[in-house]
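# Coordinate analysis (summary)
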Amino acid sequence: MDTTLPPEEDDPGGSLFDRLMLLDHHGQECWSARDLHSPMGYDKWERFEVAINRAIVAAEGSGLNPLDHFRGASKAITGGRWGRQTVSDYRLTRYACYLIAMNGDPRKPEIAAAQTYFAVRTREAEARQQPADVSSPEGILALAEKFVEAARELVLTKKELAIAAPKAGKWDAFCDSDGLIDMAAASKALYKITGGLGRTKFMEMLRREDIRFLQIQNPRLPYECHTKAGRAEVKFVETPNGQWVEQTFFTGRGLDWLVDRLGGLMQPAA
């Protein structure tokens, strides 16, 4: 199902995110995380939950209480042994949705649409909370300036996305559906440097070069400095025996960093 915004995406009215909006018992708008994970471009709930956790960390870093914006909940869905089952969920405020969208991959049209929608809605809410005095020319001018500022922010955001897309695109041939690159694909992307090494020998080469990317104590996970710098992400992957485990992936920025460290040149896909 196509979940991107229609051509009139600059006007969030009538969008998919409007239709998914709920009202809590206080009459405040909120969204179910289970309803949003597919429209935001995540094919598996486990991957979306990783994005939610990143947004929670971002909220904490802003000095906010995550419980005010990410409330635990449950949701009945179709499936399971008896045809229906109850699964964990979150009730998300508008700001929580905004943080999740801003921590997503902007190359995904779903993420770009969500960023636009929640940025506009957040600005509208701020304007409602601080109504301008339009009884004087000064008040009207102040209101106009607010709308101009919001419009400029939206234009700048779209320009930044347009500028970033070609840079990120050079690794697209090696990215998965989340825009991430696993270790085997990274070795292929850098075959001019690696000589076509497989995943294991590629990681051995990094260790020989003293490039500390994966933790020694937990070789599935990167050091925190890489995730904070946007060079790596951790997501859940399914093993052949059906278990879900955490695994590290490079981002496009991470491969750029690695190329610089190795002193080589990016080799495009054949």
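Rules and cut-offs
- Residues numbered from 1 in each chain as written.
- Predicted model: local features only at pLDDT ≥ 70, side-chain atom pairs only at ≥ 80, totals over all residues.
- Heavy atoms only, no water.
- Phe/Tyr/Trp six-rings, centres within 6.5 Å; stacked < 30°, edge-to-face > 60°.
- Buried < 20%, exposed > 50% of the residue type's maximum accessible area, 1.4 Å probe, protein only.
- Lys NZ or Arg CZ within 6 Å of the ring centre and 35° of its normal.
- pLDDT = per-residue confidence, 0-100.
- Helix = DSSP H or I, 4+ residues; strand = E, 2+ residues; numbered from the N terminus.
- Contact = heavy atoms within 4.5 Å.

### A word on the packing of aromatic side chains
Inspection of the entire model under this criterion finds seven aromatic pairs. Ring centres of Tyr42 and Phe48 lie 5.2 Å apart, and the angle between their planes is 50°; on these two criteria the pair is classed as tilted. Of the two residues, Tyr42 and Phe48, neither departs from the other in class, the shared state being buried. Aromatic pair Tyr117 and Phe118: ring centres 4.7 Å apart, planes at 85°, arrangement edge-to-face. Looking at Tyr117, the relative accessible area reads 1%, which means it is buried. By relative accessible area, Phe118 is classed as buried at 0%. Here the aromatic residues Phe17, Trp31, Tyr117 and Phe118 are joined through ring pairs into a cluster of three or more. Sitting over the face of the ring of Trp45, Arg34 holds its NZ or CZ atom 3.9 Å from the ring centroid.

### Brief notes about the confidence of the model for the chain
Predicted coordinates in regions of low pLDDT should not be interpreted in detail. For the chain, the average pLDDT comes to 75, and 78% of its residues sit at 70 or higher. Within the chain, helix H6 (residues 137–169) has the poorest average pLDDT of any element, 62, and helix H2 (residues 33–36) the best, 91. Contacts of residues 163–168 to residues separated by more than four positions or lying in other chains number one contact, the stretch itself having pLDDT below 50. Considering only residues more than four positions removed or in separate chains, one finds that residues 264–270, a stretch of pLDDT under 50, has 14 contacts.

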